[in-house]
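As a plain string of letters, each chain reads:
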Amino acid sequence: MGLPRLICAFLLYACCCCRRAAGVPGEAEQPAPELVEVEVGSTALLKCSLFQSQGNFSHVDWFSVHKEKRVLIFRVRQGQGQSEPGEYQHRLSLQDRGATLALTQVTPHDERIFLCQGKRPRSQEHRIQLRVYKAPEEPNIQANALGIPVNSKEPSEVATCVGRNGYPIPQVIWYKNGRPLKEEKNRVHIQSSQTVESSGLYTLQSILKAQLVKEDKDAQFYCELNYRLPSGNHMKESREVTVPVFYPTEKVWLEVEPVGMLKEGDRVEIRCLADGNPPPHFSISKQNLSTREAEEETTVDNGVLVLEPARKEHSGLYECQGLDLDTMISLPSEAQELLVNYVSDVQVSPADPERQEGSSLTLTCEAESSQALEFQWLREETGQVLERGSVLRLHNLKREAGGGYRCMASVPSIPGLNRTQLVNVAIFGPPWMAFKERKLWVKENTVLNLSCEASGHPRPTISWNVNGTASEQDQDPQRVLSTLNVLVTPELLKTGVECTASNDLGKNTSVLFLELVNLTTLTPDSNTTTGLSTSTASPHTKANSTSTERKLPEPESQGVVIVAVIVCILVLAVLGAILYFLYKKGKLPCGRSGKQEITLPPSRKSEFVVEVKSDKLPEEMGLLQGSSGDKRAPGDQGEKYIDLRH
């Protein structure tokens, strides 16, 4: 039995060997084809290695094999190549002395087997597998803008990822918060499809569906495309997207801005917040202090109450109600107390203090606040802090002590929270004058703008001894300024001008002496041409005496001055005529460049107006009046400026 089996096995082996030697199709084992990888658009080099040792390429045929069908595409005869008609007719050429066939402008349709076949000295063939690759474009991702409710029973569409023009089909992977997602029954489902373009490239579309929870409201989703090139494996990522997630409200609360201690005048926002999406409809209510019931406040926006400016009446308990429009369930917040810190109006007593010189005065300041207060007293005119505390005591009052005092009540723990109150202290006394005597250089037939200032308590009134347009203006409760517009006449030059201030306790007078000025006698250095004037007073004049009688200057003394001025003018005129005569005769060597104009143009001679004003403070005026009225007038201590240009 063993011998027949051995004979049968030998005969079967011999039959197979004969078939292989005869080249029966389908029976011989085919070697694995050589692999060539290229990218779309590049050139594929197909090297025929049949006759690599012999180097005989005189007779080679090239075929493309598609779906087991051979198609002749190129012939090589005696080292010369020729393309066959068809799809490869214009893209094939020989290289490397006929050993390599070059295929240009490779497309995805070129991915197939190419075969070279030689017939000399015997029939042989070599197979080449051409692989084509194309990187897809950047993936485009679109999130579901409508949102996903957490109570959905089936997975909902989260996002769609599209990768265009790739070859072969890339692989897509979905990520959530950097972690890859996998198919999970009833939880995660990935649905992918591809489309073949006319170019042979693929467009991939992948849809991610998932069941989301409340914690996914901030989750970041993105897709990744994995593909291969001749250089190796690669990948491209899309941008990250978030998806609106809808979930019911579980908690409602209040927030107040700004954070910290509030004060009157601040802009305060009371805002309702909730942990649901979409947020519920909000309403804000405040507890009525008298009825203890909540009263709804008017809001400019859903859940936002603006208090601008905040007042102490806004203090109280606030509560927010959140109504879920899907479930129609209303959730209240915890009540929150709002405290607007304040300082009430400051009250000073006495409100209108009046005192005699030498007496004392006590000023008391009161105010209310939600916090501890600090008081301080300041001098209104200088801003100097006089006292820290609610009580200010003034002793042995002088006229200089009259004027404004300001009490400030502030909360040290809250910067900017303060209130102030001004009180004016009046010291009884006759009027005080800003000046006693003053001399003014004027021009005849011009209009003077004169001013006279006085202060005292009771408030003085001012009168003038000449006719003109007069007006009064209160500088403060005890100080008044009177202005007078008057035409300069010869009579006014002789008599001068008096202003008299009077009240129930006496009166006082200021005198203005007017001196005529001749502009042709002035030099550029003259004080008069630059708007300056001088003030004079008798050494024995009392600065602020309450006497109403005073002698005006004698007209004869003014006449002497006028005569002297006229004589000087005549002398200068004669001298000028002599110099002009010598110049015309050529006796003088000087030219026109040596002349200097010492007179003003006629168009300017009528533009001079004298204005007398005082800029002394009440405290300075108070220094002019002593208890015995024997101090000198301000006019004895310097010159005053007057404007002669207008």
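Here the structure is a predicted model, which is why all the values come from computation and not from measurement.

Calculation rules
Residues numbered from 1 in each chain as written. Predicted model: local features only at pLDDT ≥ 70, side-chain atom pairs only at ≥ 80, totals over all residues. Heavy atoms only, no water. Helix = DSSP H or I, 4+ residues; strand = E, 2+ residues; numbered from the N terminus. Contact = heavy atoms within 4.5 Å. Areas by Shrake-Rupley, 256 points an atom, 1.4 Å probe, with all protein chains shown as cover. Pairing = 2+ DSSP bridges. Axes fitted to C-alpha atoms, helices over the stretch in contact; angles between N-to-C directions. Patch = residues over 30% accessible without salt bridge, like charges linked within 9 Å, V, L, I, M, F, W, Y side chains within 5 Å. Salt bridge = Lys/Arg side-chain N within 4 Å of Asp/Glu carboxyl O. Disulfide = S-S within 2.5 Å. Buried < 20%, exposed > 50% of the residue type's maximum accessible area, 1.4 Å probe, protein only. pLDDT = per-residue confidence, 0-100. Phe/Tyr/Trp six-rings, centres within 6.5 Å; stacked < 30°, edge-to-face > 60°. Polar contact = N/O pair within 3.5 Å; in protein donor to acceptor, adjacent residues only side chain to side chain. Core = buried A, V, L, I, M, F, W, Y, C linked by side-chain atoms within 4.5 Å.

Caption draft 1: How the structure looks around the overall build of the protein. Looking only at helices and strands, the protein has four helices and 46 strands in total. At a minimum sequence separation of 6, the contacts of the protein that also span at least 24 residues come to 64%. Surface accessibility of the protein: about 37700 Å² in total, with carbon and sulfur atoms responsible for 51%.

Caption draft 2: Highlighting the sheet that holds strand β2 (residues 44-47). With antiparallel pairing, the three strands of this open sheet are ordered in space as β2-β7-β6. Either end of the sheet is taken by a strand with one partner, and the two such strands are β2 and β6 (92-95). Averaged over all adjacent pairs, the angle separating strand axes in this sheet is 30 degrees, with direction ignored. Two strands pair when backbone bridges link them, and β6 and strand β7 (residues 100-103) are joined in this way by four bridges, in the antiparallel orientation. Paired with L92 across the bridge in β7 is L103.

Caption draft 3: How the structure looks around a nonpolar patch on the surface. Together, I562, I566 and L570 make up an exposed nonpolar region whose accessible area comes to about 290 Å². Its place among the elements puts L570 in helix α3 (residues 555-584).

Caption draft 4: Layout of the state of the cysteines. For the structure shown, the criterion picks out five disulfides. Two residues share a disulfide in this structure: C272 and C320, whose sulfurs sit 2.0 Å from each other. Here the S-S torsion is close to 135 degrees, and the disulfide linking C272 with C320 is therefore right-handed. Highlighted residues: C272 in strand β22 (residues 268-274) and C320 in strand β26 (residues 316-324), separated in sequence by 48 residues. In this structure, C272 and C320 share a single accessibility class: buried. Paired by a disulfide, C365 and C407 hold their sulfur atoms 1.9 Å apart. On the sign convention where negative is left-handed, the bridge of C365 and C407, at about -95 degrees about the S-S bond, is left-handed.

Caption draft 5: Structural detail: the side chain of D216. With respect to the helices and strands, D216 occurs in the loop between β16 (202-210) and β17 (221-229). Residue contacts for D216: discarding those within four places in its chain leaves K176 and V245.

Caption draft 6: The confidence of the model for the protein, seen in detail. Counting all residues, the mean pLDDT for the protein is 80, and 77% of those residues have values of 70 or more. Contacts from residues 521-543, a stretch scored under 50 in pLDDT, to residues over four places away or in other chains number 65 contacts. For the stretch residues 591-646, pLDDT sits under 50, and the model shows 130 contacts to residues farther than four places along the chain or on other chains.

Caption draft 7: Highlighting the environment of N288. With respect to the helices, strands and loops of the structure, N288 is situated in the loop between β23 (281-287) and β24 (294-296). Through-space distance from the C-alpha of N288 to that of G316 is 8.2 Å; in sequence the pair is 28 residues apart. If sequence neighbours within four positions are ignored, N288 has contacts with E293 and E295.

Caption draft 8: Just the packing of aromatic side chains, in detail. Evaluated as defined, the whole model comprises three aromatic pairs. Ring plane angle 15 degrees and centroid distance 5.6 Å describe the contact between Y167 and Y202, whose orientation is recorded as stacked. Of this pair, Y167 sits in the loop between β12 (156-166) and β13 (171-176) while Y202 sits in strand β16, placing them 35 residues apart in sequence. Centroid distance Y175 to Y222: 4.9 Å. Interplanar angle 5 degrees. Geometry classified as stacked.

Caption draft 9: Representation of the sheet that holds strand β39 (residues 437-442). The mixed open sheet is built from four strands, whose spatial order is β39-β45-β44-β41. Edge positions in the open sheet fall to β39 and β41 (461-464), since each of these has one partner strand only. Direction aside, the axes of adjacent strands within the sheet are offset by 20 degrees on average.

Caption draft 10: Representation of the pairing of β7 in the model. Along β7, one buried face is formed by T100 and A102 and the opposite face, lined by L101 and L103, is buried too. What sits between β6 and β7 in their antiparallel hairpin is a turn of four residues, with D96 showing a positive phi close to 55 degrees.

Caption draft 11: Quick peek at the pattern of salt bridges. With the rule as written, the count across this model stands at 25 salt bridges. One salt bridge in this structure joins D266 and K263, with 3.1 Å as the shortest N-O distance. Residue R479 is joined to E453 by a salt bridge in which the shortest nitrogen-to-oxygen separation is 3.4 Å. Here the residue R479 occupies a position in strand β43 (residues 479-487), and E453 occupies one in strand β40 (residues 447-457), the gap between them amounting to 26 residues. A residue is classified by how much of its surface remains accessible, and R479, at 13% relative accessible area, is buried. A relative accessible area of 3% places E453 in the buried class.

Caption draft 12: Just the environment of Y167, in detail. The exposure class of Y167 is buried, given its relative accessible area of 11%. Once residues within four sequence positions are removed from consideration, Y167 is found in contact with P108, E111, V132, Y133, K134, G200, L201 and Y202. For Y167, the side chain forms a polar contact with the side chain of E111, separated by 3.2 Å.

Caption draft 13: Geometry of the nonpolar core. Grouped together as the largest cluster of nonpolar side chains are 24 residues, with contacts concentrated most on W62, L103 and L130. Those elements that provide at least two residues to this core are β1 (34-39), β2, β3 (59-66), β4 (69-77), β7, β8 (113-118) and β9 (124-133). One finds F435, L448, L484 and L514 within the second-largest nonpolar core, a separate group that totals 23 residues.

Caption draft 14: View of the pairing of β40. Across the 11 residues that make up β40, a large majority, nine, are buried. Both strand β38 (residues 429-433) and β40 contribute to a ladder of three bridges, which runs antiparallel. Opposite M433, over in β40, you have A454 as the bridge partner.

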